[in-house]
Amino acid sequence: MRSLHLEKKGLRGLAIAESFKQNSRKSVFSGIVMRRDFVIDGFVFGSATLEGDDATDAILKMYYDLNRSDISYVLISGLIVSMYNIIDIKKLFDILKIPLIGVSYHDSDGIEDSIKHHFPNSFESKLNKYAKLGKRKKITLSTSYDVFVRKEGCTLNDVKHLLNDLTLYGTVPEPIRVSQLLAKTLLEKGLSF
């Protein structure tokens, strides 16, 4: 397992975000390799099925498509993506052996009722995947905004330090913000992966 070397200016992470339209079958995933000093150092793309169960494998494929050994962590904008496609952060960590951080921006009492509503005949497996995620931890950033995180392979203190380094304003860390912009642009242009 690699640790987060937060003292390194060139610390590289892979930030992943998505974009989709309600009537789409697939979402667009965009991944940005960005150094801690905000230098962009690579791109990768993927997709996941809306309401599906393939987001975890999509992220693994994106990571392997990069074919790089210098990525120190993965930062994901939300672990429940593409209309209840739940990312298994523990599986990602077990395979990749680098810190994984899922960031969300709003407090929530949970989505169990929404899962039951959207998947009336098959909600058990989605609920099990959701329960495996565990509870989110609230972090107040140096910007005075709160984010909510789930993490594997690193301490909450390291996550707070990293997110403070990467968040220039508001709540969204810069690598995720750029990745979101790219995913949205790709979707608007009709590109898919």
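Being a predicted model, the structure only gives us computed values, none of them experimental. (Residues numbered from 1 in each chain as written. Predicted model: local features only at pLDDT ≥ 70, side-chain atom pairs only at ≥ 80, totals over all residues. Heavy atoms only, no water.)

(A) Representation of helix H4 (residues 123-133) within the structure. All of the buried residues in H4 are Lys126, Leu127, Tyr130 and Leu133. Viewed end-on, H4 has its buried residues packed into an arc of 105°, placing them on one side of the element. The outward face of H4, more than 90 degrees from its buried face, is lined by the exposed residues Asn128 and Ala131. A positive phi of about 75° marks Gly134, the residue just after H4. (Buried < 20%, exposed > 50% of the residue type's maximum accessible area, 1.4 Å probe, protein only. Helix = DSSP H or I, 4+ residues; strand = E, 2+ residues; numbered from the N terminus. Arc of directions from axis to C-beta.)

(B) Structural view of the pairing of strand E2 (residues 26-35). Summarising burial for E2: eight of the ten residues are buried, a large majority. Inspection of the sheet shows strand E1 (residues 12-19) paired to E2 by eight bridges, in the antiparallel sense. Within E2, the position partnered with Ile16 by the bridge is Gly31. Between E1 and the antiparallel strand that follows it, E2, lie six residues. (Pairing = 2+ DSSP bridges.)

(C) A look at the pairing of strand E3 (residues 40-49). Bridge analysis of E2 against E3 gives nine bridges, and the strand direction is antiparallel. Residue Ser27 lies in a different strand from E3, and its bridge partner there is Ala48. In textbook terms, the turn of a hairpin is the stretch between consecutive antiparallel strands, and for E2 and E3 this stretch comprises four residues, one of which, Phe38, has a positive phi near 75°.

(D) Layout of the packing of aromatic side chains. Within this structure, the stated rule accounts for two aromatic pairs. With centroids separated by 5.6 Å and ring planes inclined at 80°, the aromatic side chains of Tyr63 and Tyr64 adopt a geometry described as edge-to-face. Among the residues examined, Tyr63 registers a relative accessible area of 8% and is labelled buried. Owing to a relative accessible area of 48%, Tyr64 belongs among the partly exposed residues under this scheme. On the numbers, 5.9 Å between centres and 90° between planes, the contact of Tyr84 with Phe119 is edge-to-face. Here Tyr84 is found in the loop between strand E5 (80-81) and strand E6 (85-86), whereas its partner Phe119 is found in the loop between helix H3 (112-118) and H4, with 35 residues between them in sequence. Comparing Tyr84 with Phe119, the two get one shared label, buried. (Phe/Tyr/Trp six-rings, centres within 6.5 Å; stacked < 30°, edge-to-face > 60°.)

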